[in-house]
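Architecture and fold: a report
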Amino acid sequence: MRFVSDNTAAVHPKIMAAIAAANRDPAPAYGGDDLTKRLTRRFSELFEKDVTVLPVATGTAANSISLAALCPSYGAVFCHREAHVEVDECGAPEFYTGGAKLVALDGAAGKLDAKTLDAAISNAGIGVQHHVQPAAISLTNATEAGTLYRPDETAAIGAVAKKYRLGLHVDGARFANAVAALNCRPADLTWKAGVDLLSFGATKGGAMAAEAAIAFTPEAAQSLIYRRKRGGHLFSKMRFLSAQLEAYLTDGLWLEAARHANRLAQRLKTGLERLPGVKLMFPVEANEVFVDLPAPMLDRLYAAGWPKRPWPGYPASMIRLVASGVDSEADVDAFLARLTG
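Let me begin by describing the structure that accompanies this report.

Reading the values: the criteria
- Residues numbered from 1 in each chain as written.
- Predicted model: local features only at pLDDT ≥ 70, side-chain atom pairs only at ≥ 80, totals over all residues.
- Heavy atoms only, no water.
- Core = buried A, V, L, I, M, F, W, Y, C linked by side-chain atoms within 4.5 Å.
- Buried < 20%, exposed > 50% of the residue type's maximum accessible area, 1.4 Å probe, protein only.
- Helix = DSSP H or I, 4+ residues; strand = E, 2+ residues; numbered from the N terminus.
- Contact = heavy atoms within 4.5 Å.
- Axes fitted to C-alpha atoms, helices over the stretch in contact; angles between N-to-C directions.
- Parallel < 35°, antiparallel > 145°, perpendicular 65-115°, else oblique.
- Left-handed = near helix turned anticlockwise from the far one by under 90°.
- Polar contact = N/O pair within 3.5 Å; in protein donor to acceptor, adjacent residues only side chain to side chain.
- Expected span 1.5 Å × (residues − 1).
- Phe/Tyr/Trp six-rings, centres within 6.5 Å; stacked < 30°, edge-to-face > 60°.
- Lys NZ or Arg CZ within 6 Å of the ring centre and 35° of its normal.

On to the nonpolar core, then. Residues F43, F47, F78, I137, F200, I214 and W254 are the most contacted members of the largest nonpolar core, which totals 58 residues. The greatest single-element share of this core, amounting to six residues, is contributed by helix 11 (residues 239–249). Leave out the neighbours within four places in its chain, and I137 touches F78, L117, I121, I157, A161, L166, G167, L168 and H169. Within the second largest apolar cluster, 25 residues are counted, among which are V56, C79, L102 and A221.

Our focus in this paragraph is the packing of helix 6 (residues 114–122) against helix 7 (residues 151–163). Running from N to C, helix 6 and helix 7 point in directions that differ by 15°, and their axes come no closer than 9 Å. It follows from the interaxial angle that helix 6 and helix 7 lie roughly parallel. Read as a crossing pair, helix 6 and helix 7 show a hand that is right-handed. For the pair formed by helix 6 and helix 7, the contact residues are A114, L117, D118 and I121 on the first element and A156, I157, V160 and K163 on the second.

With respect to the helices and strands, the residue Q244 is situated in helix 11. Linking Q244 and M208, residues 36 residues apart in sequence, is a C-alpha distance of 7.5 Å. In contact with Q244, not counting residues within four places along its chain, are I15, I19, A207, M208, A209 and A210. Separated by 2.8 Å, the side chain of Q244 and the backbone nitrogen of M208 make a polar contact.

Before going further, it helps to examine helix 2 (residues 34–47). Between its terminal C-alpha atoms helix 2 stretches 20 Å, which fits the 20 Å expected from 14 residues at 1.5 Å a residue. Every buried residue belonging to helix 2 is among L35, T36, L39, F43, S44, L46 and F47, and all of these are buried. N-capping of helix 2 is provided by D33, with a side-chain oxygen placed 3.2 Å from the backbone N of L35. Phi for E48, located one or two positions after helix 2, is positive at around 60°.

Considering all chains together, one arrives at 13 aromatic pairs under this definition. Measuring from ring centre to ring centre gives 5.0 Å for F43 and F200, while their planes differ by 80°; the resulting arrangement is edge-to-face. Within this pair, whereas F43 is found in helix 2, its partner F200 is found in strand 6 (residues 197–201), the two being separated by 157 residues in sequence. What makes F43 buried here is its relative accessible area of 0%. Each residue in the set F43, F47, F175, F200, F216, Y248 and W254 is aromatic and connected to the rest through ring pairs, giving one cluster. The ring centre of Y149 lies 5.7 Å from the NZ or CZ of K111, which sits over that ring. Lying across the ring of W311, R309 places its NZ or CZ 3.9 Å from the centre.

Following this line, the structure appears as structure tokens:
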């Protein structure tokens, strides 16, 4: 069924075509191909700054390699309690960093705030040999609750990172949805707000398997190439990852697909609000809708094959709907109709 996750969506036709085009001729290996070389220029233009770009195949790899570049084995990474790096990556950040500790903090609707972070870091035992040492902050934008960090909110957290000399990482698996919804420049949500490293997601936006670790400073980039190789993500046929990323950026496809997904999420929200007994759990700001459904509606979904996935700390009747760039308004209407029989 549609809307279970944007991970289940089809690859965007333009990206599939780009993969096929990259397959026509031989090309240098390990990122020596023209496609991969062009990505640095394309992403630098996008972010209005010279950046380092490392394609990888998964968001877990992008997040873990990035955090390893910012955090030593005795360090601490501060993140939201529901962040993907904390909940859904099977200890990969700890593994890639050589044992660093994730410090999970609470925050409404999936978001951390600067004041909470400042208090947690100031009380973390900086300089005390018995404690892990604060080294990095990791945000998720859009968050695991489908909410957004605005540029000023990111900048406030960036100021906290600078105050304590910590690295700032953003898990941008749905970064396109955040930029599209906020109608801002990518730079405003990243380096201008103090971000050192971004995990730029494309898979959820329509790619087959392509993400990028993007460093905004030479210091953040220094060890990335070695960590990618050691982590098993230096692809010999790198051009097939790069082709996806280039197609994703070409003619603004990444934002076009994200805006479309965001609009469908609003259509889902509007339709759900009209149904009796339905409760929206979080503001719908990007392409995710978290909704508490009455038992009869849930039963119809489960009978149709909807996966039963518990969300710890939330009602068992809550489900997540995620719109993608290849879904349609007709798909939304068909889903809503299924809920009512």
